Amino acid sequence: MRTQVAIIGAGPSGLLLGQLLAKHGIANVIVERQSPDYVLGRIRAGVIETGMQNMLDEAGVGTRMRAEGLVHDGTLISVSDRLHHISFKDLTGKSVLVYGQTEITRDLMEARAAKGLQTIYDAEVTEIANFDGHTPVIRFKKDGVAQELQADFVAACDGYHGIGRRSVPQGAIQEHERVYPFGWLGVLADVPPVNDELIYVTNPKGFALCSMRSKTRSRYYVQCSLSDDVEAWSDARFWDELKSRLDPVSREQLVTGPSIEKSIAPLRSFVAEPMRFGRLFLAGDAAHIVPPTGAKGLNLAASDIYYLSRGLMEHYGEKSDAALDAYSKRALARIWKAERFSWWMTQMLHTFPESSSFERNMQRAELEYTLSSKAASTALAENYVGLPY
Ligand code: APR
Ligand code: PHB
């Protein structure tokens, strides 16, 4: 088999890249190790920045997002039983759209299938070779038969545990990581959200987050220990713990119900650089991870794909490699700013078991300054709605 761009991974990064390339007549094949249902079964945040909304429009999958997505002009931060409103609209003139990542993935999958574009599911890529030459090749097994796909370029959109990063010579890549000393226990439930906006809760007992997927489906999180076992958290225990961290009004308004999904996720900040190795490019979670506190994971994948798709379009269109050559530097400039914001939000809002009294006072001062200063609130808002591409 041969194509122009071989894409590893049918998550948001791979699917979005495939749509944009196809729109510009660039042939591409996606190889995905899981089934479509497995990929759609992933429960992940969907707070969509304007830049990503525009990318999804460009990819031809913005209609349902704009019809069903919830426009959020601000967010709430709960401190010492009080709710503080941060108005993105007043401070930046922008808003975000709340629309689950699962729905984005579904829309992209359906659009790809409608175009008759090739996606090979249940096929794990086991090798990426010759990417330092002009004809890279990826090797995978499908139904027990070893196959290979030759291409001009390989886009490793294969996530944190993918093969892309692992295929690069050890000395050619630098990794930066911070693992946080806690996790998030998340629950999805078909109950109405406790508030029209998201509520980021800071509490001595631990962080909590009240989010949503629609007007009838809510997503809640409580900070938990990394040694916690999700089996030890009954629905009743989860709801009681969440209530204990909420302000009195939200506690009273909270509608509880049976969980339809419950899981614990670790939190890490991670960046691999550079993001290009000859004709192999890393994009999305393959190159970086952010703690979910700033809701940047999906949005960073979109900006990577913006830079990479433009580079490939210029290569095939104007016959210029300037944008491809600039990909890694341009993507990393935005990635590091989002890493900073996600780390800052996490440091400010979570309870750190081993923190000193000085560190706790720094945390309190950071929060008080952020909520009392228009300049500081504007800084939070402009990062949350998304920095320019
Ligand atoms: N061969 C084929 N497919 C692979 C391989 C492999 N060796 N390794 C990983 N994959 C697939 C995974 O099964 C997954 O479907 O690559 C895909 C990577 O998708 P994601 O992990 O969702 O990463 P990405 O597309 O970059 O999306 C980033 O997802 O994790 C969230 O918070 C993150 O919202 C962000 C978004
Ligand atoms: C979510 O809805 O899952 C969500 C929203 C905002 C975040 C993190 C997760 O910052």
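Right above here is the structure, for reference.
These numbers were taken from a predicted model, which means no experiment stands behind them. (Residues numbered from 1 in each chain as written. Chains lettered and ligands numbered in written order. Predicted model: local features only at pLDDT ≥ 70, side-chain atom pairs only at ≥ 80, totals over all residues. Heavy atoms only, no water.)

Participant: Before we go on, may I ask you to explain helix 7 (residues 235-245) in this structure?
Facilitator: One full turn of an α-helix is made of 3.6 residues, so residues set three or four places apart face in the same direction. For helix 7, every residue scored as buried is listed here: Phe238, Trp239, Glu241, Leu242 and Arg245. Down the axis of helix 7, the smallest arc covering the buried residues is 165 degrees, so these residues share one side. On its buried face, helix 7 sits against strand 13 (174-189), strand 14 (199-202), strand 15 (208-212) and strand 16 (218-224). (Buried < 20%, exposed > 50% of the residue type's maximum accessible area, 1.4 Å probe, protein only. Helix = DSSP H or I, 4+ residues; strand = E, 2+ residues; numbered from the N terminus. Arc of directions from axis to C-beta. Contact = heavy atoms within 4.5 Å.)

Participant: What is the right way to read the pattern of salt bridges from this model?
Facilitator: Where charged atoms from two side chains of opposite charge come close, those side chains can pair. In total, this model carries 21 salt bridges according to the counting rule given. Glu241 serves as the salt-bridge partner of Arg245, at 2.8 Å between the closest nitrogen and oxygen. Note that Arg245 and Glu241 are positioned in helix 7 at a spacing of four residues, about one turn of the helix. Taking the relative accessible area as the measure of exposure, Glu241 reaches 16% and is therefore buried. The partner of Arg364 in a salt bridge is Glu368, with the nearest N and O atoms 3.1 Å apart. With Arg364 and Glu368 both in helix 11 (residues 357-372) and four residues apart, this pair spans about one turn of that helix. By relative accessible area, which is 42% here, Arg364 ends up partly exposed. One continuous salt-bridge network, built from bridges that share partners, spans Arg64, Glu68, Glu103, Arg106 and Asp107. (Salt bridge = Lys/Arg side-chain N within 4 Å of Asp/Glu carboxyl O.)

Participant: Looking at this structure, how should I read the sheet that holds strand 12 (residues 153-156)?
Facilitator: As a general point, the strands of a sheet are linked pairwise by backbone hydrogen bonds and lie either parallel or antiparallel. Taken together, six strands build an open sheet; the order of strands is 8-2-1-12-19-18 and the sheet is mixed. This sheet does not close on itself; its edge strands, each paired only once, are strand 8 (119-120) and strand 18 (276-277). When strand 18 meets strand 19 (residues 280-282), the two strands line up antiparallel, connected through two bridges. From the neighbouring strand, Arg276 faces strand 19, where its bridge partner is Phe281. Relative to the sheet, helix 9 (residues 297-316) contacts strand 1 (5-8), strand 12 and strand 19, its axis offset from that of strand 12 by approximately 175 degrees. (Pairing = 2+ DSSP bridges. Axes fitted to C-alpha atoms, helices over the stretch in contact; angles between N-to-C directions.)

Participant: Would you mind going over the site of ligand 2 with me for this structure?
Facilitator: Near ligand 2 you find 13 residues, and of these Tyr200, Ser211, Arg213, Tyr221 and Pro292 are the closest. At 2.7 Å, a side-chain N or O of Arg213 approaches an oxygen atom of ligand 2. Residue Pro292 places a main-chain N or O atom 2.7 Å away from an oxygen atom belonging to ligand 2. For ligand 2, the protein covers 99% of the area, taking 280 Å² as the surface of the free molecule. Listing elements by their share of the shell around ligand 2, those giving two or more residues are strand 15 and strand 16. Broken down by class, the residue content of the shell around ligand 2 amounts to nine nonpolar, two polar and two charged. (Near = heavy atom within 4 Å. Polar contact = N/O pair within 3.5 Å; in protein donor to acceptor, adjacent residues only side chain to side chain. Areas by Shrake-Rupley, 256 points an atom, 1.4 Å probe, with all protein chains shown as cover. Nonpolar A, V, L, I, M, F, W, Y, C, P; charged D, E, K, R; others polar.)

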